[in-house]
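Close look at the chain arrangement
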Amino acid sequence: MSTGELQTLEAQANDSLAAIADETSLEDWRVNYLGRRSRLTEILRGLSALPLEERKQVGAAANRLREALETALAERRDMLRKRDVQTFIQQGRIDVTLPGRPIPMGRLHPVTQTQRDIVACFEKMGFQAVEGPEVEWDYYNFEALRIPEHHPARDMWDTMWIDYHRDGRMPMLLRTHTSPNQVRVMERQQPPIRVVVPGKCYRYEATDATHEWMLTQVEGLAVDEGISMADLKGTLYEFAQQLFGQERRVRFRCDYFPFVEPGADMSIDCFVCNGEGCSTCKGAGWIEIMGAGMVHPEILANVGYDPERYTGFAFGMGVERVAMLRHDIEDIRLFYQNDLRFLEQF
Ligand code: PHE
């Protein structure tokens, strides 16, 4: 065994490599010169049987040769691939001008989009967005809003109850509206207050096209000196125009909610028929979009505000309802069925 043999081997390997023009022959070459049964591997395996001096010499030369051949192989492979791509392009077999494959991208749920639009609209008018708990005390959801146990108004807001009591406080429940945050906000800060509170609410409902057992609301509350019903109307009118178009008109009618006095519901004139009467507004020409009113003085007094000095207004709207109107969606249940064919449209 001599280093001379290795030189011959190297020359042979390089000559045949230079002639290789496709990947299959390249693989044959690799098996032949670097594979398990190649002469080079055989030499490397036989090293241990050689006398020390020779082993050192041949060993170093053989290892260097193996590295050299591996590098040459990689370079050749690279060269062949580049050449192939070039030919494909020249022959028009690869069209580099084709658009790339789109990566599927998620997006915001239509209810989230509408919720953000509503909140943004009030933020522009100086309201601040805050949040409150979905699992709520009976106290905030009902009692503090002047809806004591056995009050018939509770029928409007039947809910899921949580089997949990603490310190003799009333039981917990899944909040039926975002209104408990009126009291929560007033308890922790002093007027002036301007907040909107978006969030999920729950009701014990037999579901149908316009009722779900989970819904999203945006609550609003403004308390300050000298706030009147005119402020409420002006603010909500501005909101309706921002969200539904400058030409919208609004209508306020008396309504009853135990926590406001006076109470009202607000409608916008139907933007499909402009008030003529159609299937969207069920012939009425008007579409009801929220409940509102002046914060009941008793509630102001209960949180320690002076009702002679401070007044406020509150409102609450269903976000799904607004989204349904904006996008002409007929069934509220579509929002929570996770059907991409529906969701991808928004
Ligand atoms: N919380 C009421 C509801 O869910 C709406 C409302 C909010 C009414 C604020 C008046 C004032 O129906």
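Quick caveat, the model's predicted, so the values are computed rather than measured. (Residues numbered from 1 in each chain as written. Predicted model: local features only at pLDDT ≥ 70, side-chain atom pairs only at ≥ 80, totals over all residues. Heavy atoms only, no water.)

The next thing to look at is the environment of Ala 74. Along the chain, the position of Ala 74 falls in helix α4 (residues 52-90). In this structure Ala 74 comes out as partly exposed when scored by relative accessible area, which is 44%. Note: C-alpha distance between Ala 74 and Glu 131 (57 residues apart in sequence) is 61 Å. (Helix = DSSP H or I, 4+ residues; strand = E, 2+ residues; numbered from the N terminus. Buried < 20%, exposed > 50% of the residue type's maximum accessible area, 1.4 Å probe, protein only.)

The assigned domain composition of the chain is domain 1 (3-90) and domain 2 (110-343). For domain 1 versus domain 2, the separation of C-alpha centres amounts to 78 Å. (Domains from an automatic or database assignment.)

In sheet architecture, strand pairing relies on hydrogen bonds along the backbone and comes in two forms, parallel and antiparallel. A sheet is described by the order of its strands in space; here seven strands give the open sequence β1-β5-β6-β10-β9-β8-β7, paired in mixed fashion. Only two strands of the sheet have a single partner each, and these edge strands are β1 (128-129) and β7 (250-254). Each of β7, β8 (260-269), β9 (286-295) and β10 (310-318) is contacted by helix α8 (residues 229-244), which is oriented at about 150° to β9, the strand it contacts most. (Pairing = 2+ DSSP bridges. Contact = heavy atoms within 4.5 Å. Axes fitted to C-alpha atoms, helices over the stretch in contact; angles between N-to-C directions.)

With respect to the helices and strands, Ser 38 occurs in the loop between α2 (23-34) and α3 (39-46). Given the relative accessible area of 2%, Ser 38 is considered buried. Filtering out sequence-adjacent residues up to four positions away, Ser 38 remains in contact with Val 31, Asn 32 and Tyr 33.

What follows concerns the site of the ligand. Contacts to the ligand come from 15 residues, most closely from His 177, Ser 179, Arg 203, Gln 217 and Gly 316. Interatomic distance of 2.8 Å between a side-chain N/O atom of Ser 179 and a nitrogen atom of the ligand. In this structure, Gln 217 approaches the ligand through a side-chain N or O atom, which is 3.0 Å from an oxygen atom. Placement of the ligand is best described as lying within the largest pocket. Examining the composition of the shell around the ligand, we find that three residues originate from one element, β10, more than from any other. When the residues that make up the shell around the ligand are grouped by side-chain class, the tally is seven nonpolar, six polar and two charged. (Near = heavy atom within 4 Å. Polar contact = N/O pair within 3.5 Å; in protein donor to acceptor, adjacent residues only side chain to side chain. 1 Å grid on protein atoms, 1.4 Å probe; cavity = no way out; pocket = protein on both sides within 12 Å on 5 of 7 lines; lining within 4 Å. Sits in = over half its atoms within 2 Å of the grid points. Nonpolar A, V, L, I, M, F, W, Y, C, P; charged D, E, K, R; others polar.)

Across the sheet, which stays open at both edges, the three strands sit in the order β2-β4-β3 with antiparallel pairing between neighbours. Edge positions in the sheet fall to β2 (135-137) and β3 (161-162), since each of these pairs with one other strand and no more. Here β2 pairs with strand β4 (residues 172-174) via three bridges, running antiparallel. When the bridges of β4 are listed, Val 135 appears paired with Leu 174.

As a volume, the largest pocket reaches approximately 1300 Å³. Forming the walls of the largest pocket are 45 residues, and the residues nearest its centre are Thr 210, Glu 288, Ile 289, Gly 318 and Arg 321. When contributions to the lining of the largest pocket are tallied by element, the ones reaching two or more residues are β6 (214-225), β8, β9, β10 and α10 (319-327). The leading source of residues in the lining of the largest pocket is β9, at eight residues. Residue classes in the lining of the largest pocket are distributed as 21 nonpolar, twelve polar and twelve charged. There is about 180 Å³ of room inside the second largest pocket. Lining the second largest pocket are 13 residues, and of these Gln 115, Glu 131, Gly 199, Lys 200 and Thr 216 lie nearest its centre. Elements supplying a minimum of two residues to the lining of the second largest pocket: α5 (110-124) and β5 (193-202). Residues of the lining of the second largest pocket, tallied by class, amount to three nonpolar, six polar and four charged. (Points joined across faces, edges and corners; volume = space filled by probe spheres on them.)

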